[in-house]
Structures are given as C-alpha cells and as structure tokens.
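The primary structure of each chain is shown beneath.
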Amino acid sequence: MTRTHKALGMVCLVRENPVPSLSNVWLLEEALRNGAVHIMEMGSFGQVPFLQLANDGDRPVLILDGEELVGGKQNRIVNTTVLVPAAQKIIIPVSCMEAGRWRANRSDFEAGQAVFRARSRANHKESVTQNLRFQMQFLSDQHAVWREVDRSLDELGAVSETRDFRSARQCLEDRIARYLSNLRPVNAQVGAVFFGPPGVLGCELLGPSDLFFKAFEKILKSFAFEVALLEGEVTAHHHNVAKWWHEVLSTPVEWFGSPGDGQDVRLESPLMIGSGLVWNDQLIHFSCFPKELVHTGHGPSFGTHRLSVTARRRTMRRRQEDT
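Novice: Describe the overall build of the protein chain, and please don't skip the residues or the numbers.
Specialist: Of the regular secondary structure elements, the protein chain holds nine helices and 17 strands. Evaluated residue by residue, the protein chain yields a buried proportion of 58% over its 323 residues. Partitioning the intrachain contacts of the protein chain with sequence separation of at least 6 by distance along the chain shows that 68% fall at a separation of at least 24. Only carbon and sulfur atoms are counted for the fraction: they give 49% of the accessible area of the protein chain, which is about 13,800 Å².

Here is the structure:
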C-alpha cells in the first residue's frame, strides 16, 4: 500500500498478525509531559557527547535514534535508540546540533518533537556504527554533524547566531506542515519506506502500530525535510522500493549492548546503513538509509532550490524577533 503527497511517498509496512501492544512504553515527549523524566547536563560543566537521564516513572521510556533534545548548554541529537527502564538513571550518548552555544538557556532539556533530517541521520548513523564497531562506544563524528548542520543552514539561507539546526527546519515549517496534514498512517501500519523524486530516502519501523502512530509525525518531519523544496508529484518507485527493502532484509545484523535496556542491532552494506533496538525479543525501533544519501547527497539536493530572497529576509526578521 502506497501513499503519496507532492514530492514524498511512503510504502506502508503493515503487520497482518499484530504484535502485543507496547502501550506501557512512553515516548520521550509523553514522559516529559508527565514529569517522569528529567534530562540534564553531566555535572555543572557538562560534556558535549553525554547527558544524564533520570526516569522517575513506572514505565520504560523510548528515545529514538536522531531524536532532538532542546535546552541545556546546547541542543543535542541522540546517537542511538535507547529504552530507559522505569525508576532508573542512565547516561545517554548524544551529539551537538548547535555549535555556537555553550551556555544554559535552561538547566534541563525538553523534547524537540522531531528527529534529525534523513540525510544527516544517515551520515550520523554511519559514524556511530564505526565507533561502536572499533571502540565499543556510541560516539559520533561531531565535526561531521556540524558540517551537516552548516550545510542545511546554508542551503536554506537560515539565520542562526548559534548555528542551530532547528533554524533550518523553521524555514521549511509551512511546507513540512502540509506533508503532515496529507500523509497519515493506515490501520495496522508499523513502519514505512519513504521515497522521493531522487529515489528511496530510507525506512522507519516502530514495533507495534500504536507506537508507530504516536511517533509518526516526528518521523515524517525527517523525511519531508528532504523533499520540501522540490516541485511536482512523486511517482511510485515500486520496483526500486521493493529491491531496496529486499536488500535490507538480506543484510547481516550485528548485535551490541545498548546504553539502556535491550540490545542494539546494526546492519551495514555498500548500499545502506541501519540500526535498531530489540527488547524482550521484539524489534521496537529500526531505521535505515541508503548510503547514497551520505556519499552523494541525493535526496536532500536543494541545490538551486534555495529559498527566495523574500523568504530569506522574512526568516531573518523572524530570527531577530526571537532574539
């Protein structure tokens, strides 16, 4: 089953035999809203690649790979999917997506209600996988993340004194909102392979359908970012999507310990890079991207599609008003 709107399409991944619900698992924004979770810098000085998280609630909390955390001394993205058990404190590995700030706007963090753009997630995931494989640490190439942020800001003419990635997304806010309004999950959907005019952009799965439904909008923002400035209607790439998905299913998996509960799984081939989390013998999150996104930039190619001068001026005025 395929759904499309403008330049973005998704092939819906549906389970005919539903798996048990994970209604007892909170997503990050639910846990923060209920006061169950607190995310802080590491001590008074802080450490760029780590944050401390306390889950004071009675439910596990799921934080997605690439999820944005806003606050502290600088905004971060999470380096891998983490399931934080109830009533536990853990250290979560993160990367900075705001290079020009190291001061506290607020002492704690809130959910950014989004995950990093798809192309940048592919790049980020590849570096984390390499560090995990050779150093057994969930660390990223921080300079590569900053380069991704700079590229996004520069492509969109976004003004940000602190080089904050979210300023780039705000330039596309109205366009992304239209994708959120017109692409919705179907019954029993647990994931999707997303594609645009350049081809496959990646895939995302979240175990049972109730979890996927709750996380759908922040996932969609990641992929809509890549096509938001492209004109015209996407055409279905059924053959390409099916071939790519077959490659995903055929690629061997590596298993690692997770910073939280469950096991971190990784797959890599010359064509793709993916990772996920298995908990209680159930795959509760998985994301995968073509390496073409990393090495050629296809998919996110804004190129000559920069925002108009009027739009950039409007964005600049908005940034100045915010500050």
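Novice: Could you give an account of the sheet that holds strand β9 (residues 82-84), with specific residues and numbers?
Specialist: On the basis of which strands lie adjacent, the open sheet formed by three strands has the order β3-β6-β9 and mixed pairing. Two strands in the sheet have a free side with no partner beyond their single neighbour: β3 (26-27) and β9.

Novice: Residues and numbers for the pattern of salt bridges, please.
Specialist: Tallied over the full model, the rule gives 24 salt bridges. Put simply, lysine 218 and glutamate 29 hold a salt bridge, and the shortest N to O gap is 2.8 Å. Placement of the pair is lysine 218 in helix α6 (residues 209-224) and glutamate 29 in helix α1 (residues 28-33), with a sequence separation of 189 residues. Among the charged side chains, a salt-bridge network with shared partners connects Glu126, Arg133, Glu254, Glu268 and Lys291.

Novice: Help me get a handle on the packing of aromatic side chains, residues and values and all.
Specialist: All told, the structure shown has five aromatic pairs when counted by the stated rule. With a centroid separation of 5.5 Å and an interplanar angle of 25°, the aromatic rings of phenylalanine 165 and phenylalanine 225 are classed as stacked. Of the two residues, phenylalanine 165 is situated in helix α4 (residues 165-171) and phenylalanine 225 in the loop between α6 and α7 (238-250); the sequence distance between them amounts to 60 residues. For the pair phenylalanine 165 and phenylalanine 225, a shared accessibility class is recorded, and that class is buried. Measuring from ring centre to ring centre gives 4.3 Å for phenylalanine 194 and phenylalanine 223, while their planes differ by 15°; the resulting arrangement is stacked. A residue pair is termed long-range when its members are at least 10 positions apart, and phenylalanine 194 in strand β12 (residues 189-196) and phenylalanine 223 in helix α6 qualify at 29 residues.

Novice: Let's hear about the side chain of serine 222: which residues, and what values?
Specialist: Mapping serine 222 onto the fold places it in helix α6. Note on serine 222: relative accessible area 0%, which makes it buried. There is a polar contact of 2.7 Å between the side chain of serine 222 and the backbone oxygen of phenylalanine 116. Discounting residues that sit within four places of it in the chain, serine 222 has contacts with Val115, Phe116, Arg117, Ala118 and Arg121.

Novice: Explain the packing of helix α5 (residues 173-182) against α6 residue by residue, including any values.
Specialist: The interhelical angle for the contact between α5 and α6, taken along N-to-C directions, is 125°, at an axis separation of 10 Å. Of the possible angle classes, the one that applies to α5 and α6 is oblique. The two elements α5 and α6 meet at a crossing, and its hand is right-handed. Touching Ile176, Tyr179 and Leu180 of α5 are Glu217, Leu220, Lys221 and Ala224, all from α6.

Novice: I'd love a proper account of the nonpolar core, names of residues and values included.
Specialist: If you look at the biggest cluster of nonpolar residues, it comprises 53 residues, and the most contacted ones within it are Leu8, Leu62, Phe194, Leu206 and Phe223. The element best represented in this core is α6, accounting for eight residues. Excluding residues within four positions of it along the chain, leucine 8 makes contact with Arg3, Tyr179, Leu183, Phe194, Phe195, Leu201, Leu220, Phe223, Ala224, Val227 and Val234. Counting 19 residues, the second-largest nonpolar core is a separate cluster that includes Ala36, Leu51, Ile63 and Val82.

Novice: Account for the layout of surface pockets, with residues named and values stated.
Specialist: By volume, the second largest pocket is sized at about 390 Å³. For the second largest pocket, the lining is made up of 19 residues, of which Leu205, Trp245, Leu249, Leu283 and Phe286 are closest to its centre. Considering only residue class, the lining of the second largest pocket consists of 14 nonpolar, three polar and two charged.

Rules used in this analysis
- Residues numbered from 1 in each chain as written.
- Predicted model: local features only at pLDDT ≥ 70, side-chain atom pairs only at ≥ 80, totals over all residues.
- Heavy atoms only, no water.
- Helix = DSSP H or I, 4+ residues; strand = E, 2+ residues; numbered from the N terminus.
- Buried < 20%, exposed > 50% of the residue type's maximum accessible area, 1.4 Å probe, protein only.
- Contact = heavy atoms within 4.5 Å.
- Areas by Shrake-Rupley, 256 points an atom, 1.4 Å probe, with all protein chains shown as cover.
- Pairing = 2+ DSSP bridges.
- Salt bridge = Lys/Arg side-chain N within 4 Å of Asp/Glu carboxyl O.
- Phe/Tyr/Trp six-rings, centres within 6.5 Å; stacked < 30°, edge-to-face > 60°.
- Polar contact = N/O pair within 3.5 Å; in protein donor to acceptor, adjacent residues only side chain to side chain.
- Axes fitted to C-alpha atoms, helices over the stretch in contact; angles between N-to-C directions.
- Parallel < 35°, antiparallel > 145°, perpendicular 65-115°, else oblique.
- Left-handed = near helix turned anticlockwise from the far one by under 90°.
- Core = buried A, V, L, I, M, F, W, Y, C linked by side-chain atoms within 4.5 Å.
- 1 Å grid on protein atoms, 1.4 Å probe; cavity = no way out; pocket = protein on both sides within 12 Å on 5 of 7 lines; lining within 4 Å.
- Points joined across faces, edges and corners; volume = space filled by probe spheres on them.
- Nonpolar A, V, L, I, M, F, W, Y, C, P; charged D, E, K, R; others polar.

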